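Results of the structural survey
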Amino acid sequence: MYLGLDLGTSGVKAMLIDDGQRIVGSASGALDVSRPHPGWSEQDPADWVRATEEAISGLKAAHPAALAAVRGIGLSGQMHGATLLDADDKVLRPCILWNDTRSFREAAALDADPQFRAVTGNIVFPGFTAPKLVWVRENEPEIFARVRRVLLPKDYLRLWLTGEHISEMSDSAGTAWLDTGKRRWSESLLSATGMDERQMPALVEGTQQAGMLRSDLAARFGISGTVVVAGGAGDNAASACGMGTVGEGQAFVSLGTSGVLFAANASYLPNPASAVHAFCHALPDTWHQMGVILSATDALNWYSGIAGRSAADLSAELGETLNAPSGVTFLPYLSGERTPHNDAAIRGAFAGLGHESSRVVLTQAVMEGVSFAIRDSLEALRAAGTTLSRVTAIGGGSRSRYWLKSIATALDLPVDLPADGDFGAAFGAARLGLIAATGADPVATCTAPTTAETIAPDAGLVAAYEDAYQRYRRLYPAIKGATT
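Residues numbered from 1 in each chain as written. Predicted model: local features only at pLDDT ≥ 70, side-chain atom pairs only at ≥ 80, totals over all residues. Heavy atoms only, no water.

With that settled, the discussion passes to the pattern of salt bridges. Per the counting criterion, the structure on display carries 26 salt bridges. In this structure, glutamate 53 and arginine 220 form a salt bridge, with 2.1 Å as the shortest nitrogen-oxygen distance. Of the two residues, glutamate 53 is situated in helix α1 (residues 45–62) and arginine 220 in helix α10 (residues 215–221); the sequence distance between them amounts to 167 residues. Residue glutamate 53 is classed as partly exposed on the basis of its relative accessible area of 23%. Judged by its relative accessible area of 43%, arginine 220 is partly exposed. A salt bridge links lysine 154 to aspartate 155; the nearest nitrogen and oxygen atoms lie 3.0 Å apart. (Salt bridge = Lys/Arg side-chain N within 4 Å of Asp/Glu carboxyl O. Helix = DSSP H or I, 4+ residues; strand = E, 2+ residues; numbered from the N terminus. Buried < 20%, exposed > 50% of the residue type's maximum accessible area, 1.4 Å probe, protein only.)

Below, the structure written as structure tokens:
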């Protein structure tokens, strides 16, 4: 048996799989986020341990024999969090999370230093780890002086599980301290933030061994024998391992609260000017790119509150036959935008409204706006040298057949729907635990799920969608000065 642990923002999920990768069971423990000031987002690492113990206890209660047979553990986690430890591994302050924006000035200052983009292949975003340490240095100097180690959230769990200070490439690529092409810490970037490599964890690949489960914890969980803990992955890379998105040209689009277009790469292909993330993948000698939009299903949920209809009802009103764009355009920048604009201040808009603009027309425009935002990410990936021939759709928004047809037509790519199953980050982490424990081939292990159906672009509407997309593209510079 193999155990995947996924440390998310709202909870920890634990999943057991057997050696045939069949899911035996899963359980979870809940987490809360503290927001003591506007723009702040923090968690107490002790709560991660508590939630992990709850999740594993749930598995122990339901599947004691299976848990006893665990031989490998894989870790996945929310990225970018700054967990600060003193010389005795005591937590110095609450962890500053990925969605904390207090360090926006520090991020801008680091991003203005050309070496950061040159070495990391990425813009320095406020959510990344490095600017958070600069903020601590400038605002909490007494804490900064005591920092002896900085760990990412899942790697703090590893410290609890194994006693080791170890991270891996995919998560570390989101710190703004990693030389992403060379897959090692950059002493020059660390120095630029007042840090040095002695404060960083050792680095391994996500498929490699990264510690052994402590015997006292194994006894508490009812696990017999020695248990390998894998390097693991950041949450998106772990999800990609679960989805089998590990080879050149493989990609998925995630329609969740935010939207992600994730592409696996056999080489390092940075394009920071378009706000594309270029990170290491969890597999050796593999990288990935991500285009991220901040409001995907979040945009439809916002509109459903205005319209007084559920998102499902609004989608049902459209039916399943794709309509030509109406001339009404929606920009889904409700909380700013990441790819391709890197603009936290921009806000959304409807354009082209008329007396004839009904609720159905506006629903259609909202879905099209998200589809066009994902097209922006596709264009950014293309500019960085990535060519895609198809994508797999995951996330809650993929339940809308109309939306999938809209995305397929906006991208002019077929969209595959996977067969039912849980192929997320906990499953990907369990796969990494299996690989580390057994030496199994990573690519052969991280296979894609069976495709249940493929949604093809509507050939009769591709040209109309292209025209509507170009209109969408012209609107961002037109409204930028009016909404910021």
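After that view, the rundown keeps rolling.
In spatial order, the strands read β18-β19-β17-β16-β22-β23-β24; together these seven strands make up an open sheet with mixed pairing. The outermost strands of the open sheet, each flanked by one partner alone, are β18 (277–280) and β24 (451–455). Averaged over neighbouring strand pairs, the angle between their axes works out to 25° when direction is ignored. Pairing between strand β22 (residues 391–394) and strand β23 (residues 415–418): two bridges, direction parallel. In the sheet register, valine 391 faces β23, and the bridge partner there is valine 415. Contacts between helix α11 (residues 235–243) and the sheet are confined to β16 (251–255), β17 (259–265), β19 (287–293), β22 and β23, with β17 contributing the most and set at about 70° to the helix. Sitting on the sheet, helix α15 (residues 401–411) touches β16, β22, β23 and β24, and the angle it makes with β24 is about 60°. (Pairing = 2+ DSSP bridges. Axes fitted to C-alpha atoms, helices over the stretch in contact; angles between N-to-C directions. Contact = heavy atoms within 4.5 Å.)

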